Amino acid sequence: NNGCVPFTFKHLLSKVYFNFKNTSTSDKSTYEISDIKISGAKKEGTYSITDSKWTSVSGTAAALNFGTTGTTAIAQNGEATSDFARLLLPGENQTLTVTFKQKFYFNGQLMSETPDDQPITKPLTATFAPNGAYVINVNLQAGSPITFTLDKLEGWGDADPIITIK
């Protein structure tokens with residue numbers, strides 16, 4: 001005879017994806033990306049329901065593997081998303097390290113390839129909020145520095161939060 005009890009559900013973690021963009025000026029330039037990883041993410045923390053925030057966030061987790069962008073080369077102005085999304089402990093001004101391997105092709109011919117023991121390594125400082133989903137955009141252009149932008153996705157934290165438990 002008890003009625004339904006609604007409650008608000010929100011994720012306590014942050015969801016992160018990678019999206020690689022070929023911003024080359026030549027339509028003959030293509031990339032293949034593999035072994036995408038983030039290191040430096042926090043390993044543990046305490047969440048306070050009373051304060052709605054994380055405290056005592058510490059430790060360093062093992063590198064988080066995001067997979068590849070698939071076997072299809074990324075053409076000029078094309079994009080490819082990582083195979084996996086990963087969950088991270090939220091926090092402000094997190095200093096992370098992004099690593100990945102790339103193959104660069106010009107006119108269909110392999111021009112350069114990242115050695116297995118020397119992946120491309122770039123620092124990333126970002127703020128991730130609880131219940132937020134993010135895309136780390138990696139801009140690739142031959143002869144130019146690799147740049148990152150961070151976009152917050154709509155939807156993950158914006159869904160109807162009321163769940164009815166019977």
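Since this is a predicted model, take the numbers as computed values, not measurements.

A.B. asks: Help me get a handle on the packing of aromatic side chains, residues and values and all.
C.D. replies: Here the structure, examined in full by the defined rule, presents 6 aromatic pairs. When the centroid spacing of 5.1 Å and the interplanar angle of 75° are considered together, the rings of Phe-20 and Phe-100 count as edge-to-face. Of the two residues, Phe-20 sits in strand β2 (residues 14-22) while Phe-100 sits in strand β9 (residues 91-106), which places them 80 residues apart along the sequence. By relative accessible area, Phe-20 is classed as buried at 0%. Its relative accessible area of 0% is what places Phe-100 among the buried residues. Considering the side-chain rings of Tyr-47 and Trp-54, the 5.4 Å spacing of their centres and the 65° angle between planes classify their relative orientation as edge-to-face. For Tyr-47, a relative accessible area of 24% puts it in the partly exposed group. The structure contains a cluster of three or more aromatic residues connected by ring pairs, namely Phe-18, Phe-20, Phe-66 and Phe-100.

A.B. asks: Lay out the pattern of salt bridges in plain terms, naming residues and giving numbers.
C.D. replies: One side chain can pair with another of opposite charge once the charged atoms of both are near each other. Applying the stated rule across the entire model yields 3 salt bridges. For Lys-101, the salt bridge identified is with Asp-116, shortest N-O distance 3.2 Å. Remark: Asp-116 occurs in the loop between β10 (109-113) and β11 (120-128) and Lys-101 occurs in strand β9; sequence separation between them is 15 residues. Its relative accessible area of 15% is what places Lys-101 among the buried residues. Residue Asp-116 is classed as exposed on the basis of its relative accessible area, which comes to 64%.

A.B. asks: Just give me the short version of the nonpolar core, but keep the residues and values in it.
C.D. replies: Formed by 26 residues in total, the largest nonpolar core has its most connected members in Phe-18, Phe-20, Ile-33, Phe-100, Val-138 and Leu-140. Those elements that provide at least two residues to this core are β2, β3 (29-39), β6 (64-67), β9, β11 and β12 (133-140). In contact with Phe-20, other than residues within four places in its own chain, are Ile-33, Ile-36, Thr-69, Ile-74, Gly-78, Glu-79, Ala-80, Phe-100, Val-138 and Leu-140.

A.B. asks: If you had to explain the environment of Ser-112 to someone new, which residues and values would you point to?
C.D. replies: Its location among the elements puts Ser-112 in strand β10. Exposure remark for Ser-112: the relative accessible area of 35% places this residue in the partly exposed category. When the C-alpha positions of Ser-112 and Tyr-31 are compared, they lie 9.8 Å apart, and in sequence the two are 81 residues distant. Apart from the residues within four sequence positions on either side, Ser-112 is in contact with Gln-102, Lys-103 and Phe-104.

A.B. asks: Give a description of the pairing of β12 that names residues and reports values.
C.D. replies: Buried residues dominate β12, accounting for 8 of its 8 residues. The alternating pattern of β12 places Ala-133, Val-135, Asn-137 and Asn-139 and Tyr-134, Ile-136, Val-138 and Leu-140 on opposite faces, both of which are buried. The pairing of β2 with β12 spans 8 bridges and is classified as parallel. Residue pairing in the sheet places Phe-20 in a bridge with Val-138 of β12. Two strands pair when backbone bridges link them, and β12 and strand β13 (residues 147-153) are joined in this way by 7 bridges, in the antiparallel orientation. Note that in β13 the partner of Val-138 across the bridge is Phe-148. If you look at the hairpin formed by β12 and β13, you'll find 6 residues sitting between the two strands, and Gly-143 has a positive phi there, around 80°.

What counts and what doesn't
- Residues numbered from 1 in each chain as written.
- Predicted model: local features only at pLDDT ≥ 70, side-chain atom pairs only at ≥ 80, totals over all residues.
- Heavy atoms only, no water.
- Phe/Tyr/Trp six-rings, centres within 6.5 Å; stacked < 30°, edge-to-face > 60°.
- Helix = DSSP H or I, 4+ residues; strand = E, 2+ residues; numbered from the N terminus.
- Buried < 20%, exposed > 50% of the residue type's maximum accessible area, 1.4 Å probe, protein only.
- Salt bridge = Lys/Arg side-chain N within 4 Å of Asp/Glu carboxyl O.
- Core = buried A, V, L, I, M, F, W, Y, C linked by side-chain atoms within 4.5 Å.
- Contact = heavy atoms within 4.5 Å.
- Pairing = 2+ DSSP bridges.

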